[in-house]
Amino acid sequence: MPSQAQANRGYRLRPAPRSRTRGRPQSRVRWDKLGRVILVLALFGVLVSYIHPLLGFVGAWQDKRTAATELSALRAEHAQLVKKAGSLDGRDAAEKAARRLGMVSEGERAYVIKGLPGSKR
C-alpha cells in the first residue's frame, strides 16, 4: 500500500526523462528554434504581401478626395455658366456683347473719337 499512501499525500509518480544516448546521437539542429524562425518569416511574408494593396487603397482614397474637390469646383462653374447663358437669351444680348468687343454690323462704319472725357482710349 505504499502507492496508496503516496497518492493520498499528493505525491505523483513521474517517469524519468529519456536519455538521448541510447541509439542516436543528439541532433545539432534545434527544431523548436528553427520552427519559430520559419513562422516569423512566414508572418513577415504575409505582412509584406499586404503592402501593395494597402498602398492602392490609400491612393484610391486620395484620388476620390481630389475628384470630389474638382467636381464641386466644376459644379460651381456650371452654375455660373448657366446663369450667364440665361442672361444672354435673344439677339439683343449677343449684339451688345459684340459691340462691347468693338465689332460692327454689316454696312456700319466704325469711328474712334479721341479726347472725350470718360473715354478709355
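All values reported here derive from a predicted model rather than from experimental measurement.

(A) Summary view of the overall build of the protein chain. Helices and strands together make up the secondary structure of the protein chain, namely four helices and zero strands. Along the protein chain, from the amino end to the carboxyl end, the secondary structure elements read α-α-α-α. Here the protein chain, with 121 residues, has 1% of them falling under the buried criterion. As presented, the protein chain carries roughly 12,700 Å² of accessible surface, and 60% of it is formed by carbon and sulfur atoms.

(B) Structural view of the pattern of salt bridges. Within this structure, the stated rule accounts for four salt bridges. The salt bridge partner of Arg 30 is Asp 32, with a shortest N-O separation of 3.7 Å. Residue Asp 32 is classed as partly exposed on the basis of its relative accessible area of 39%. Of the charged contacts in the structure, one is a salt bridge between Glu 108 and Arg 99, with a shortest N-O distance of 2.9 Å. Given the relative accessible area of 37%, Glu 108 is considered partly exposed. Look at Arg 99 and you get partly exposed, because its relative accessible area is 36%. Members of the salt-bridge network, linked through shared partners, are Arg 30, Asp 32 and Arg 36.

(C) Broad picture of the packing of helix α2 (residues 31-49) against helix α3 (residues 51-87). Running from N to C, α2 and α3 cross one another at 25 degrees; their axes reach a closest spacing of 4 Å. Comparing the axis directions of α2 and α3 gives the class roughly parallel. Mapping the contact onto sequence places Leu 47, Val 48 and Ser 49 in α2 and Ile 51, His 52 and Pro 53 in α3. For the contact of α2 with α3, the residue count by class is four nonpolar, two polar and no charged.

(D) Seen up close, the confidence of the model for the protein chain. Per-residue confidence for the protein chain averages 84 on the pLDDT scale, and 84% of its residues sit at or above 70. By mean pLDDT, the top-scoring element of the protein chain is α2 (95), and the lowest-scoring one is helix α1 (residues 2-9) (57).

(E) Just a nonpolar patch on the surface, in detail. A cluster of nonpolar side chains, Val 29, Trp 31, Leu 34 and Ile 38, forms an exposed patch at the surface whose accessible area comes to about 410 Å². Along the polypeptide, Val 29 turns up in the loop between α1 and α2.

Rules used in this analysis
Residues numbered from 1 in each chain as written. Predicted model: local features only at pLDDT ≥ 70, side-chain atom pairs only at ≥ 80, totals over all residues. Heavy atoms only, no water. Helix = DSSP H or I, 4+ residues; strand = E, 2+ residues; numbered from the N terminus. Buried < 20%, exposed > 50% of the residue type's maximum accessible area, 1.4 Å probe, protein only. Areas by Shrake-Rupley, 256 points an atom, 1.4 Å probe, with all protein chains shown as cover. Salt bridge = Lys/Arg side-chain N within 4 Å of Asp/Glu carboxyl O. Axes fitted to C-alpha atoms, helices over the stretch in contact; angles between N-to-C directions. Parallel < 35°, antiparallel > 145°, perpendicular 65-115°, else oblique. Contact = heavy atoms within 4.5 Å. Nonpolar A, V, L, I, M, F, W, Y, C, P; charged D, E, K, R; others polar. pLDDT = per-residue confidence, 0-100. Patch = residues over 30% accessible without salt bridge, like charges linked within 9 Å, V, L, I, M, F, W, Y side chains within 5 Å.

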